[in-house]
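# Structural description and commentary
Listed here are the chains, written in short residue letters.
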Amino acid sequence: MSTPMMTMPTTPDALQEDTDLLTEIAILYYQQSATQEEIARKYKISRPKVSRLLRRAREEGIVEITVKFHPVHSAQLEQRLMDRFNLKRALISLDQPSAQEQRMQVATLVSAYLDANLNDGMVVAVGQGQNVAAVADHPGVVSHRQTRFVCAIGGTHRSGDAFNADHICRRLAKKFGGSSETLYAPAYVDNETIQQVFVSHPNISETLNQARKAEFALVGIGDMDENSHMVKLGCFSAREFVEARVNDGIVGDIGGFDFFRMDGQPTDNLMRGRVVGLAMPDLARIPNVIAMASESRKALSILGALRTGVIDVLATSASCAMALLNMSEPAPNEKKITFQQPE
C-alpha cells in the first residue's frame, strides 16, 4: 500500500481522501484495537503523527467519545436517590448531548414504567409541560388498557400548544388506551376570587375530584427561569418570576400547581390563588406521583420539589441525580414537611 500524502488537501477529492484516511485510522484504533505503533507501521508514518491524526478525527467529529454509566453504577445511583429522598423508585437516564434527546430518554423510562404499572380502570392525573408531553409523544409503548387520563390543571386544548394538560391527556389516552378527561378552565387566572368561581363550578369541581382520587399522577418540575413555558404562554410575567425568585426564595413548581422554596415549603405570594388545578396537599394523597425533569439547569428546583415530600417516583438524568446527591447532605434537625389533607 502506498504511503498517503500528509499535506493539507486543497481540492474536493483531496479533502475526501483526507477524511477517508482519518476514518480508516480511527476505525483501526477505536474499533479494531490496533495500537498507534501498529498504525504507524501500516501507513509508514511516525507514531506522533498517528496521535495527531487521531486528535484531528475527534476535533472534526469523525470520532465521538461518549462515557456511559455501567448498569451497576446506574442502579447504585437510583438506590442512593431512593434512600436519600424516601422514593419508591428513581428512573435515571444516561446523559445525552442535546436537551431534546435528554428529554426523550427520560420520557422513555417513564413510558416503560407506566406500561408496567398501569392496569384497567386506573386513573392518572396529568400535569403540563414539555417533559410530560414527551411521554405522550414517545413512540415506543402502545397498549390497550382502559385507563383514564384526567387533567389535573386547566388549559384546554389550543392549536399550537402541545404542552397543556388537555392536549397531553388526549395523546396519552391514544397511546395507552382508555379515555381522557378535560378540565374546562384556564390554567391560571388573575386572582383568587376568579379562581374560586371556576373551582366551585360543578363540572370543574367533579373533574378535579377525579384527579384527586387518581392512582398515579404524572407531573413536571418547573424552575423560575424567565424563559419558562409559563412565561412564554403569558400565564405569568418574567418580572413576576424574578421577584418571586429573589424576594420570596421560590425555586420551582410541581406540575404548575404549586410553588415552593428550596426547603420544600410552599409560599404565600402573588402566585398563590391563581391556579385552577390541584395543589400539593392533593398530590400528597395520590399514592404514585411521578415527577419528571430532564434539564440539568433544574437541579435546585428538583431538590426543592423532593423536599416537599409529595414525590414518589423521580425521573431525571444521571448528571442531575449526582448533583442532587452532592447538594443534599442531610442537615441536622431537618424537619419533614407534611400537608394538611383537603376535606
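Residues numbered from 1 in each chain as written. Predicted model: local features only at pLDDT ≥ 70, side-chain atom pairs only at ≥ 80, totals over all residues. Heavy atoms only, no water.

If you look the protein chain up in an unreviewed UniProt entry, it shows as Sugar-binding transcriptional regulator from Salinivibrio proteolyticus. UniProt lists a comment for the protein chain under the heading Sequence similarities (unreviewed entry), and it reads "Belongs to the SorC transcriptional regulatory family." (UniProt positions renumbered as here; feature names shortened; annotations may be inferred.)

## With respect to the packing of helix 2 (residues 36-43) against helix 3 (residues 47-59)
Packing of helix 2 against helix 3 leaves a shortest axis separation of 8 Å and a crossing angle of 105 degrees. Considered as vectors, helix 2 and helix 3 are oriented roughly perpendicular to each other. Contact residues: helix 2 offers Gln-36, Glu-37, Ile-39 and Ala-40, while helix 3 offers Arg-47, Val-50, Ser-51 and Leu-54. By residue class, the composition of the contact of helix 2 with helix 3 is four nonpolar, two polar and two charged. (Axes fitted to C-alpha atoms, helices over the stretch in contact; angles between N-to-C directions. Helix = DSSP H or I, 4+ residues; strand = E, 2+ residues; numbered from the N terminus. Parallel < 35°, antiparallel > 145°, perpendicular 65-115°, else oblique. Contact = heavy atoms within 4.5 Å. Nonpolar A, V, L, I, M, F, W, Y, C, P; charged D, E, K, R; others polar.)

## Quick word on the UniProt feature "domain: Insertion element IS150 protein InsJ-like helix-turn-helix" (unreviewed entry) in the protein chain
Residues annotated in UniProt with the feature "domain: Insertion element IS150 protein InsJ-like helix-turn-helix" (unreviewed entry) correspond here to residues 26-62. In the segment residues 26-62, helix accounts for 73% and strand for 0%; the C-alpha atoms at its two ends are 8 Å apart.

## Focus: helix 14 (residues 318-327)
Regarding helix 14, the residues found buried are Ala-318, Cys-320, Ala-321, Leu-324 and Leu-325. The arc that holds every buried residue of helix 14, seen down its axis, measures 160 degrees, which confines them to one face. (Buried < 20%, exposed > 50% of the residue type's maximum accessible area, 1.4 Å probe, protein only. Arc of directions from axis to C-beta.)

## Side note on the nonpolar core
If you look at the biggest cluster of nonpolar residues, it comprises 88 residues, and the most contacted ones within it are Val-110, Phe-149, Leu-172, Leu-218, Ile-254 and Ile-311. The greatest single-element share of this core, amounting to six residues, is contributed by helix 7 (residues 165-176). In this view, Phe-149 contacts Leu-118, Val-124, Val-126, Cys-169, Leu-172, Ala-173, Phe-176, Gly-177, Ser-179, Ser-180 and Glu-181; residues no more than four positions away in its chain are not counted. (Core = buried A, V, L, I, M, F, W, Y, C linked by side-chain atoms within 4.5 Å.)

## Considerations on the environment of Asp-312
Along the chain, Asp-312 falls in the loop between helix 13 (299-307) and strand 9 (313-317). In contact with Asp-312, not counting residues within four places along its chain, are Leu-87, Lys-88, Arg-89, Ile-286, Pro-287, Asn-288 and Val-289. A polar side-chain atom of Asp-312 sits 2.8 Å from the main-chain amide nitrogen of Val-289. (Polar contact = N/O pair within 3.5 Å; in protein donor to acceptor, adjacent residues only side chain to side chain.)

## Some words on the packing of aromatic side chains
On inspection of all chains with the given rule, the structure shows one aromatic pair. On the numbers, 6.1 Å between centres and 35 degrees between planes, the contact of Phe-149 with Phe-176 is tilted. Taken together, the residues Phe-149 in strand 3 (residues 148-151) and Phe-176 in helix 7 connect sequence positions 27 residues apart. On the basis of relative accessible area, Phe-149 is assigned to the buried category, the value being 0%. Taking the ring centre of Tyr-43 as reference, the NZ or CZ of Lys-42 above it sits at 5.9 Å. Sitting above the plane of the Phe-176 ring, Lys-175 keeps its charged end 5.5 Å from the centroid. (Phe/Tyr/Trp six-rings, centres within 6.5 Å; stacked < 30°, edge-to-face > 60°. Lys NZ or Arg CZ within 6 Å of the ring centre and 35° of its normal.)

## Let's talk about the confidence of the model for the protein chain
Per-chain confidence: the protein chain averages 83 in pLDDT, with 83% of residues scoring 70 or above. Note that residues 1-10 has pLDDT below 50 and, in this model, 14 contacts with residues that lie over four places away or in other chains. Scored below 50 in pLDDT, residues 331-343 shows 18 contacts in the model against residues more than four places distant or in partner chains. (pLDDT = per-residue confidence, 0-100.)

## Brief notes about the packing of helix 5 (residues 99-117) against helix 6 (residues 130-137)
Orientation of helix 5 relative to helix 6, taken along the N-to-C sense of each, is 60 degrees, at an axis distance of 8 Å. It follows that helix 5 is oblique to helix 6 by the angle criterion. Seen from above, helix 5 lies across helix 6 with right-handed handedness. Taken together, the residues of helix 6 that come into contact with helix 5 (itself represented by Arg-103, Met-104, Ala-107, Val-110, Ser-111 and Leu-114) are Gln-130, Asn-131, Ala-134 and Val-135. Classifying every residue of the contact of helix 5 with helix 6 by side-chain character gives six nonpolar, three polar and one charged. (Left-handed = near helix turned anticlockwise from the far one by under 90°.)

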